[in-house]
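Observations on chain architecture
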Amino acid sequence: MTKDINITRRVALGLAAGAMALGLAGPAAAEANFSGQTIEWIIPFSAGGGSDTWARFNAPLLSKYLPGNPVVVVVNEPGGGSTKGTNLFAARAKPDGLTILGTSGSTQFPYLLGDPRVRYEYKDWKIAMASPTGGVVYTSPSLGLKVPEDIAALKGKDLVYASQGATSLDLVPLLGFRLMGFNVQHVFGFKGRGDGRLAFERGEVNIDYQTSSAYIKNVQPLVDAGQAVPLFSWGVLNEAGEVVRDPTFPDLPSFAEAYQTLTGAAPSGPEYDAYFAFFTAGFPAQKMVFLPKDTPDDIVAAYQKAFEDMKADPDYQASAEAVLGTYEQVTGDLAQALFEKGTSIAPELRAQVAGMLASDYGVKLGEE
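Bear in mind the structure is a predicted one, so any value in this text is a computation, not a measurement.

**So, the overall build of the protein**
Looking only at helices and strands, one finds 13 helices and 12 strands in the protein. The globule rule puts the C-alpha radius of gyration for 368 residues at 21 Å, and the 20 Å found for the protein is close to it. Seen through its C-alpha atoms, the protein measures out along the principal axes to roughly 60 × 40 × 40 Å. Buried positions account for 57% of the 368 residues belonging to the protein.

Here it is in structure tokens:
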């Protein structure tokens, strides 16, 4: 596996400092001005999920630090595993800085797999900010679990998971649950992870995962009330490219630890390689903010500077960890590196996963 980077707050700050030492500090002050304007931040998911939570946290701070203090409105455009809203952005957004797009691993994965529903090209866009994240898998106490160490109790149980689709970010749990040997029925067609959580709360599904921001806000209260049992986080990558515990959830085992608890061995082999590739694209490089390709440089610079400036805001510093976890939102060269990592995959792994989806789940790309 290729060496990768765990983009926690500590590591990202170190990398940013190195970039500054090399003369690669952020863009110069921008000339753009958005006075009296309204900016639409397209989120191609339904309300209540991790991407929606992330955007709504950032939107008022972005408004505060963009020149002219425009109104920033989050617009939810769910459907097609996030391809619907993203296609609309690709087709309609003008290069004037008044429409931005927030993508997730669920937007990256159909692109990586060559899903025919994708009518967008990442290479045509300019990145303004990247926001790595994590996620936590949890289950129902009705299955007989009380703590993460009880995970073996799920072996042989009939599990039901609410999925946005096999080519969405939910491909990570699909591949992970298969590796663990769990018997999971994936119910495709949900419009966002928030909808999956609501299905869990209604008792329609009994295993779920949420990205860190949505887990902290919406699932931790369920755990505190005894209505959900956390199992493991997906983990993060350390500087040697190894999966380790997510510092946002230091008391939870990583996926690799949970796998070893179940099987007695560390995960390895071609199925794990496929899982690892999509985990890397889906979490260390998960959420990104884009502008259309022809957007003038001064507007791109204004966005990058606003995202950097807002991180020094007292409101951001007081709330970011509680809402987003211990992940650093980044711009500039580091954001570009994550952008390239999150939108690339080895052809043989693409073929392996596409073949598995077709043979084992009857999923043909574009027909979920």
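**Observations regarding the sheet that holds strand 1 (residues 38-43)**
The five strands lie next to each other as 2-1-3-12-4, forming an open sheet whose pairing is mixed. Each end of this open sheet is capped by a strand with a single partner; those strands are strand 2 (71-76) and strand 4 (126-131). Ignoring strand direction, the axes of neighbouring strands in this sheet form an average angle of 25°. Examined bridge by bridge, strand 1 and strand 3 (residues 99-103) share three bridges and lie parallel to one another. From the neighbouring strand, Trp-41 faces strand 3, where its bridge partner is Ile-100. The strands touched by helix 2 (residues 50-65) within the sheet are strand 1, strand 2, strand 3, strand 4 and strand 12 (287-291), with strand 2 carrying the most contacts at an inclination of about 165°. Where helix 12 (residues 332-342) meets the sheet, its contacts fall on strand 4 and strand 12, and the angle it forms with strand 4 comes to roughly 90°.

**Looking at helix 5 (residues 171-180)**
Among the 10 residues in helix 5, nine count as buried, and that is most of the element. Looking only at helix 5, the buried set comprises Leu-171, Val-172, Pro-173, Leu-174, Leu-175, Gly-176, Phe-177, Leu-179 and Met-180. Positive backbone phi, at 80°, marks Gly-181, one or two positions downstream of helix 5.

**Considerations on the pairing of strand 7 (residues 183-188)**
For a regular strand, the rule is simple: side chains alternate between the two faces of the sheet. Across six bridges, strand 6 (residues 158-163) lies against strand 7 in parallel orientation. Looking at the pairing, Ser-163 lines up with Phe-188 of strand 7. Each parallel crossover has a hand, and for strand 6 linked through helix 5 to strand 7 it is right-handed.

**Quick look at the sheet that holds strand 9 (residues 229-233)**
Overall, antiparallel pairing links the three strands, which are arranged 8-5-9 in an open sheet. A single partner strand is all that each edge strand has here, and the edge strands are strand 8 (207-211) and strand 9. Averaged over all adjacent pairs, the angle separating strand axes in this sheet is 30°, with direction ignored. Its contacts with the sheet put helix 6 (residues 193-201) on strand 5 (135-139) and strand 8, and the angle it makes with strand 8 is roughly 145°.

**Regarding the packing of helix 7 (residues 212-224) against helix 11 (residues 314-324)**
When two helices pack together, their arrangement is captured by the angle between the axes and the distance separating the axes. The interhelical angle for the contact between helix 7 and helix 11, taken along N-to-C directions, is 90°, at an axis separation of 7 Å. When the axis of helix 7 is compared with that of helix 11, the two are roughly perpendicular. For the pair helix 7 and helix 11, the contacting residues are Ser-212, Ser-213 and Ile-216 in the first and Glu-321, Ala-322, Val-323 and Leu-324 in the second. For the contact of helix 7 with helix 11, the residue count by class is four nonpolar, two polar and one charged.

**A look at the pattern of salt bridges**
In this structure the tally under the stated criterion is 13 salt bridges. Of the charged contacts, one joins Asp-208 and Arg-193 as a salt bridge, the two residues approaching to 2.3 Å between their closest N and O atoms. Note that Asp-208 is positioned in strand 8 and Arg-193 in helix 6, a separation of 15 residues in sequence. Side by side, Asp-208 and Arg-193 carry an identical accessibility label, which is buried. The salt bridge involving Arg-245 is made with Glu-257; its shortest N-O contact spans 2.9 Å. One end of the pair, Arg-245, is in the loop between strand 11 (243-244) and helix 8 (255-263); the other, Glu-257, is in helix 8, with 12 residues separating them in the sequence. By relative accessible area, which is 30% here, Glu-257 ends up partly exposed.

**Focus on the nonpolar core**
One broad rule of soluble globular proteins: the nonpolar side chains tend to lie buried together. Residues Phe-232, Trp-234 and Phe-278 are the most contacted members of the largest nonpolar core, which totals 67 residues. Contacts of Phe-278, omitting those with residues within four sequence positions, involve Phe-109, Leu-112, Leu-113, Leu-171, Val-172, Leu-175, Ile-345 and Val-353. Judged by nonpolar contacts, the second largest core, of 30 residues, contains Leu-62, Ala-128, Tyr-316 and Leu-324.

**With respect to the environment of Ala-128**
If you trace the backbone, Ala-128 turns up in strand 4. Residue Ala-128 is classed as buried on the basis of its relative accessible area, which comes to 0%. Ala-128 sits 171 residues away from Ile-299 along the chain, and the two C-alpha atoms are 9.8 Å apart. Beyond its immediate chain neighbours, meaning those up to four positions away, Ala-128 contacts Val-289, Leu-291, Tyr-303, Gln-304, Phe-307 and Thr-331.

**A look at the packing of helix 2 against helix 7**
Packing of helix 2 against helix 7 brings their axes to within 7 Å, and their N-to-C directions diverge by 90°. For the element pair helix 2 / helix 7, the angle class is roughly perpendicular. Together, Gly-50, Thr-53 and Trp-54 of helix 2 and Ser-213, Ala-214 and Lys-217 of helix 7 make up the contact between the two elements. Along the lines of polarity and charge, the residues of the contact of helix 2 with helix 7 split into two nonpolar, three polar and one charged.

Conventions adopted
- Residues numbered from 1 in each chain as written.
- Predicted model: local features only at pLDDT ≥ 70, side-chain atom pairs only at ≥ 80, totals over all residues.
- Heavy atoms only, no water.
- Helix = DSSP H or I, 4+ residues; strand = E, 2+ residues; numbered from the N terminus.
- Rg over C-alpha atoms; globule rule 2.2 N^0.38 Å.
- Buried < 20%, exposed > 50% of the residue type's maximum accessible area, 1.4 Å probe, protein only.
- Pairing = 2+ DSSP bridges.
- Axes fitted to C-alpha atoms, helices over the stretch in contact; angles between N-to-C directions.
- Contact = heavy atoms within 4.5 Å.
- Right-handed = clockwise from strand over helix to strand, strands pointing away.
- Parallel < 35°, antiparallel > 145°, perpendicular 65-115°, else oblique.
- Nonpolar A, V, L, I, M, F, W, Y, C, P; charged D, E, K, R; others polar.
- Salt bridge = Lys/Arg side-chain N within 4 Å of Asp/Glu carboxyl O.
- Core = buried A, V, L, I, M, F, W, Y, C linked by side-chain atoms within 4.5 Å.

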